[in-house]
Amino acid sequence: MIINNSNSLRLELILFAFVVLVNNCTMKQKLQVVDDYYVNSENQENKSLLKKEELPFEQKIFSKDFKSLTFSTRSLILGEPLYNMNSKIPIIINFDLLRNHGESIQYEIIHCNKDWKKSDILTMDAIDGFDIDYIENQEISYGPVQQYVNYNFELPNNNTDFLISGNYILKIFIEGQAENPLATLKFYVSEQISTINFLVDKSRDVEQSKYLQAFEMECTYNSNDIVDPYENISINIQQNHQEFDQYWLSGPNFIKENKLVFLPSDDQIFNGGNEFRFFDMSSFRNGSQRIENMVFNDTIFNINLKKDVRRSYKQYLQYKDMNGRFFIRTYDFDDANSQAEYGMVNFRLPMKQIKNDSIYLFGQLTNWAIDNDFLMTYDSINNYYQNKCLLKQGYYNYIYVLKNSDGISTRKIEGAHFESNNEYILKMYYKDPLNLCDRILSYKVVKSN
């Protein structure tokens, strides 16, 4: 019995020691898990911040009060967001804020690579002067029902100049609120030291030749300045400022003397598209083109455009357009910048509702972006798509685009014709191994006809 008791006691001691050991291991494991939790949490936060910093900038309007953005020069009303280095012609950036009082508005200039991510070069190597400055030119509207403040500034100016070419973001914000910008705008600085020859022709695809525009091109380069053009030169081609309809070229078929030659290819094609739709609301006192009626109601002008038609199966009709642009003007007052009225414009597109597809207005009036403020909603009573947006007096171009899981297209609503007059915006980038950034050697706008 004594032996049995001793064995029992030993067994109890062994079990107790085992339980203590297991508890200690469990506690250590829990502590390790807790430590790992905090470490992993911090790592995840750092990763998420890193991802946020690596996201490319967008051409985007963040404030509904930011209106009527235009780029121009003193001699050109319809300008590109482009400055040619060493040129004496600055670019004028003009916009309105729907306010009844002026505010301190600033802009910031950020140099980017061709993918619109912030470049690694120092600000002082890209900008001569201030990269952040105030917009001093502002004028409060007088006369129109909708009050606003008109702002404009030039680039370059006495405080700011560009030292290097490339993509730039212009961030517009209220003083002290850089983290909550009113808008981020894409801007280009080009060296214009290369020439681009761009030819538009019919597609070699016989079945699609009536609908597609094919292209071939060659461009010059300075062999003393350019290292490995096969690898470091790339060309971006956009049709009518449509980022959803663009093509990247790199690696020419061959180099002839100082020319990069890109031969025709079956995949070097664009939909021919159609001419842009238009309307003119330069006067609220007299009738204008494409206006059905105007009604002043509840402190705002309401403008009903004539109903549009779906053009996907319509015969091509040629007329001059501005390839999606607009310009501000008024016949009712003297100064369009500070006296032109704003009106609520009603767009209507009669057609059957398309399931799983979204229809948007597109053009310079949407800031060349697919913006939910310009999403067409379906009116099942009247059987048409509709959108109402606030626009300043002027002459406007626009089209409808369709977005679904396959992408974005103009063809399903506007049709496609080889004969269409399109603008092709060409940008020739050079990945500079010395300056560690993407320079723009040439920026050119070519019309297809």
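Please read these numbers as outputs of a predicted model, since none were measured by experiment. Residue indices follow the written sequence of each chain, beginning from 1 at its first position. At least 70 in pLDDT is required for a residue's local features to be given in this predicted model, at least 80 for side-chain atom pairs to be given and counted, and no such filter applies to totals for whole chains, interfaces and linings, which use all residues. The side-chain numbers reported here are obtained from all heavy atoms of the structure, hydrogens and water having been left aside.

> I would appreciate a short explanation of the side chain of Glu 423 in the present structure.
Helix and strand assignments come from DSSP, with helices taken as H or I runs of at least 4 residues and strands as E runs of at least 2, each series counted from the N terminus. Structurally, the position occupied by Glu 423 is in strand 30 (residues 423–432). In terms of polar contacts, Glu 423 uses its side chain to reach the side chain of Arg 325, at 2.8 Å. Pairs of N or O atoms are called polar contacts if they sit within 3.5 Å, as long as, within protein, a hydrogen donor faces a hydrogen acceptor (for residues adjacent in sequence, only side-chain-to-side-chain pairs).

> Is there a simple way to think about the nonpolar core in this case?
Where a protein is soluble and globular, its nonpolar side chains tend to be buried together. Counting residues in each nonpolar core, the largest one holds 32 residues, and the members touching the most others are Phe 95, Ile 105, Leu 155, Phe 162, Tyr 168, Ile 172 and Phe 187. For this core, the elements supplying multiple residues, two or more each, are strand 2 (66–72), strand 4 (91–97), strand 5 (105–112), strand 9 (149–155), strand 11 (166–174) and strand 12 (183–190). For Phe 187, the residues in contact, after removing those within four places along its chain, are Phe 71, Pro 81, Leu 82, Tyr 83, Ile 91, Trp 116, Leu 155, Phe 162, Gly 166, Asn 167, Tyr 168 and Leu 170. Only buried residues count toward a nonpolar core. Its members are Ala, Val, Leu, Ile, Met, Phe, Trp, Tyr and Cys residues joined through side-chain atoms within 4.5 Å. For each residue, the accessible area found with a 1.4 Å probe, counting protein chains only, is set against the maximum for its type, and the residue is called buried under 20%, exposed over 50%, and partly exposed in between. Residue contacts are counted whenever heavy atoms from the two residues lie within 4.5 Å of one another.

> So what exactly am I meant to see when it comes to the pattern of salt bridges here?
In a structure, side chains of opposite charge can pair up when their charged atoms sit close to one another. Each reported salt bridge corresponds to a side-chain nitrogen of Lys or Arg within 4 Å of a carboxyl oxygen of Asp or Glu. Enumeration over the complete set of coordinates arrives at 20 salt bridges. Asp 96 is the partner of Lys 392 in a salt bridge, and the nearest nitrogen-oxygen pair spans 2.8 Å. Separated by 296 residues along the polypeptide, Lys 392 in strand 27 (residues 384–392) and Asp 96 in strand 4 bring together distant segments of the chain. The burial state of Lys 392 is the same as that of Asp 96; both residues are buried. Notably, a salt bridge pairs Glu 243 with Lys 186, separated by 2.6 Å at the nearest N-O pair. Remark: Lys 186 occurs in strand 12 and Glu 243 occurs in strand 16 (residues 242–250); sequence separation between them is 57 residues. Owing to a relative accessible area of 35%, Glu 243 belongs among the partly exposed residues under this scheme. The class of Lys 186 is buried, set by a relative accessible area of 7%.

> Could you clarify how one ought to interpret unusual backbone geometry in this entry?
For residues besides glycine, phi is generally negative; the peptide bonds are generally trans as well. Following Leu 155, the chain continues to Pro 156 via a peptide bond in cis, the omega torsion being -10 degrees. The residue Pro 156 is located in the loop between strand 9 and strand 10 (160–162) in this model. Phi is positive for Ser 68, close to 55 degrees, though the residue is something other than glycine. Summarising the element assignment, Ser 68 is placed in strand 2. Given the relative accessible area of 16%, Ser 68 is considered buried. Unlike most non-glycine residues, Arg 290 shows phi in positive territory, near 65 degrees. For Arg 290, the position within the fold is in the loop between strand 20 (277–280) and strand 21 (291–297).

> In this structure, what is going on with the layout of surface pockets? I would like to understand it.
Gaps left between atoms are located by rolling a probe of water-molecule size over the structure's atoms. Using protein atoms alone on a 1 Å grid, points that fit a 1.4 Å probe yet trap it form a cavity, whereas open point sets bounded by protein on both sides within 12 Å along at least five of seven lines form a pocket; residues with an atom within 4 Å of a point count as lining. Grid points are joined across faces, edges and corners, and a volume is the space filled by probe spheres set on the points. The calculated volume of the largest pocket comes to roughly 1,100 Å³. Surrounding the largest pocket, 47 residues form its lining, Gln 59, Thr 366, Asn 367, Trp 368 and Ala 369 being those nearest its centre. Sorting the residues of the lining of the largest pocket by element identifies strand 1 (60–61), strand 2, strand 12, strand 16, strand 24 (342–350), strand 27 and strand 30 as the ones contributing at least two each. Classification used: nonpolar for Ala, Val, Leu, Ile, Met, Phe, Trp, Tyr, Cys and Pro, charged for Asp, Glu, Lys and Arg, polar for all others including Gly. The residue inventory of the lining of the largest pocket, partitioned by class, reads 24 nonpolar, 11 polar and 12 charged.

So far we have only geometry, and geometry alone does not tell us how the molecule works.
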